[in-house]
Structure formats: structure tokens, C-alpha cells
Amino acid sequence: MTPKVYVESSVISAYFDERVDVVSVAQRHWSRIWWDQIRAEYDVVISDAVTDELSHPSFPHAPYTLALVVDIPRVGFPDEIRDIVNAYITRNLMPQNPVGDGLHLALASYYKCDCLLTWNCKHLANPNKFQHLRIVNTLLGLHIPTLVTPNQLIGEPND
């Protein structure tokens with residue numbers, strides 16, 4: 001079975017990032033390797049929340065980022081998603097923004113994605129939050145996706 005990966009907007013935006021600091025260069029490098037060479041090994045999905053973020057008028061390289069994801073399947077927004085996001089916020093798992101990180105996590109959890117791929121290491125791919133996520137998703141009866149960065153998914157899915 002091909003692993004399902006929900007790709008959050010930070011990975012797509014990093015693909016085109018022009019900043020020259022060490023972190024940005026590394027994220028761009030790993031994002032491009034994963035997207036161009038590894039992505040085909042996974043069942044990749046995004047949501048309209050991702051395309052909404054990427055298409056914001058102040059977002060650099062919006063046309064390029066949107067072109068990159070034009071053929072990527074999108075998951076929908078069933079009514080339960082709002083309740084899941086609110087549970088994440090009230091249980092202090094995610095920040096107060098109902099259309100931010102908690103929304104991506106809720107979608108990846110609801111759709112039983114094996115991984116949520118992100119460069120957001122503060123609120124998502126943060127090992128200090130993994131146990132909290134396990135507890136909250138278990139209480140909610142939700143799947144627990146693995147929260148990873150692109151460099152962690154380099155290699156074959158079954159390696």
C-alpha cells in the first residue's frame with residue numbers, strides 16, 4: 001500500500017524560496033529533492049487551505065507554487081474538521097488560528113494520512129508535541145499521522 005502524505009504549504013513555498021540563509025537554502029534543497037525525486041513514491045494530497053495560503057497576494061512566487069500543485073488531489077472539508085480544529089485549540093495542541101496549523105493537522109488526521117509533510121517545526125513537526133498529539137487524537141478517535149520534514153522522507157517508503 002502506498003503511504004498517503006498530506007503536504008502542507010511550507011514545503012511547497014520552500015521549493016521556490018530565494019533566501020540565502022543556511023536554513024532556507026537547506027529547506028529549499030530538501031524540498032526540491034523530495035518533490036522532484038521522491039514524491040512519486042507516495043500518494044500525495046493537499047487541501048484548499050494550502051492553495052489559499054499559496055495564492056495570497058503577498059505570497060512570493062504564488063503563480064509558480066500554484067502551478068507546482070495544480071495536479072495534486074485535494075481533500076475536502078467535512079463538517080467534522082471544524083470540531084477537530086477547535087478541539088486542538090481548546091486542548092492547547094495548536095495555536096488559536098482556526099485556519100492555520102491546526103487545520104492542516106485536522107485534515108491529515110481525518111483523512112488518515114500516514115504523514116503530514118511540513119517545515120513548520122514549531123507547531124507541527126515538533127517532537128515535543130508528539131505525545132500531546134497522540135493523546136488528543138486518541139481521545140477524538142482519530143488517526144495519528146507522523147509529522148515529518150522532507151529530508152526525513154528521503155529514500156524508499158519501506159526503507
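Everything below is about the structure printed above this text.
Residues numbered from 1 in each chain as written. Predicted model: local features only at pLDDT ≥ 70, side-chain atom pairs only at ≥ 80, totals over all residues. Heavy atoms only, no water.

Is there a simple way to explain the packing of aromatic side chains in this structure?
For any two aromatic rings, the description comes down to two numbers: the centre-to-centre distance and the angle of the planes. Inspection of the entire model under this criterion finds five aromatic pairs. One residue, arginine 32, lies across the ring of tyrosine 15, its end atom 5.3 Å from the ring centre. (Phe/Tyr/Trp six-rings, centres within 6.5 Å; stacked < 30°, edge-to-face > 60°. Lys NZ or Arg CZ within 6 Å of the ring centre and 35° of its normal.)

I keep staring at unusual backbone geometry and nothing clicks. Help me out?
Note on backbone geometry: most residues besides glycine have negative phi, and most peptide bonds are trans. Look at asparagine 92: it is not a glycine, yet its phi comes out positive at around 55°. Here asparagine 92 is to be found in the loop between α5 (80-90) and α6 (101-110). The backbone phi angle of lysine 112 is positive, close to 55°, even though this residue is not glycine. Within the secondary structure, lysine 112 is located in the loop between α6 and β4 (115-117). Using a relative accessible area of 58% as the deciding quantity, one classes lysine 112 as exposed. (Helix = DSSP H or I, 4+ residues; strand = E, 2+ residues; numbered from the N terminus. Buried < 20%, exposed > 50% of the residue type's maximum accessible area, 1.4 Å probe, protein only.)

Where do I start with the environment of valine 5 in this structure?
Mapped onto the elements of the fold, valine 5 is located in strand β1 (residues 4-7). According to the relative accessible area criterion, valine 5 is buried, its value standing at 0%. Remark: the alpha-carbon pair of valine 5 and leucine 147, spanning 142 residues in sequence, is separated by 9.8 Å. The residues touching valine 5, leaving out its near neighbours within four places in the chain, are Trp34, Tyr42, Asp43, Val44, Val45, Cys115, Leu117 and Leu153. (Contact = heavy atoms within 4.5 Å.)

What should I look at first to understand the packing of α5 against helix α7 (residues 127-140) in this one?
Packed helices, taken two at a time, are described by the angle their axes make and the gap between the axes. Contact pair α5 / α7: the axes reach a minimum separation of 11 Å and the direction vectors enclose 140°. As judged from the angle between their axes, α5 and α7 are oblique. Considering how the two elements wind past one another, α5 and α7 form a crossing that is right-handed. Contact with α5, carried on its side by Ile84, Ala87 and Tyr88, involves Leu133, Val136, Asn137 and Leu140 of α7 and no other residues of that element. Its residues placed into classes, the contact of α5 with α7 shows six nonpolar, one polar and no charged. (Axes fitted to C-alpha atoms, helices over the stretch in contact; angles between N-to-C directions. Parallel < 35°, antiparallel > 145°, perpendicular 65-115°, else oblique. Left-handed = near helix turned anticlockwise from the far one by under 90°. Nonpolar A, V, L, I, M, F, W, Y, C, P; charged D, E, K, R; others polar.)

Whenever I open this one, a nonpolar patch on the surface confuses me. Can you help?
A surface patch of nonpolar side chains, amounting to about 270 Å² of accessible area, comprises Ile135, Leu139 and Leu140. Structurally, the position occupied by isoleucine 135 is in helix α7. (Patch = residues over 30% accessible without salt bridge, like charges linked within 9 Å, V, L, I, M, F, W, Y side chains within 5 Å. Areas by Shrake-Rupley, 256 points an atom, 1.4 Å probe, with all protein chains shown as cover. Salt bridge = Lys/Arg side-chain N within 4 Å of Asp/Glu carboxyl O.)

I tried to follow the pattern of salt bridges on my own but got confused; where do I start?
Oppositely charged side chains may form a pair once their charged atoms are brought near each other. All chains considered together, the criterion is met by two salt bridges. Where arginine 19 meets aspartate 17, a salt bridge forms, and the shortest distance between an N and an O atom there is 2.6 Å. Aspartate 48 is the partner of arginine 74 in a salt bridge, and the nearest nitrogen-oxygen pair spans 3.7 Å. Here arginine 74, found in strand β3 (residues 74-75), pairs with aspartate 48, found in helix α3 (residues 48-54); they are 26 residues apart in sequence, far enough to count as distant. Note on arginine 74: relative accessible area 35%, which makes it partly exposed. For aspartate 48, a relative accessible area of 38% corresponds to the partly exposed category.

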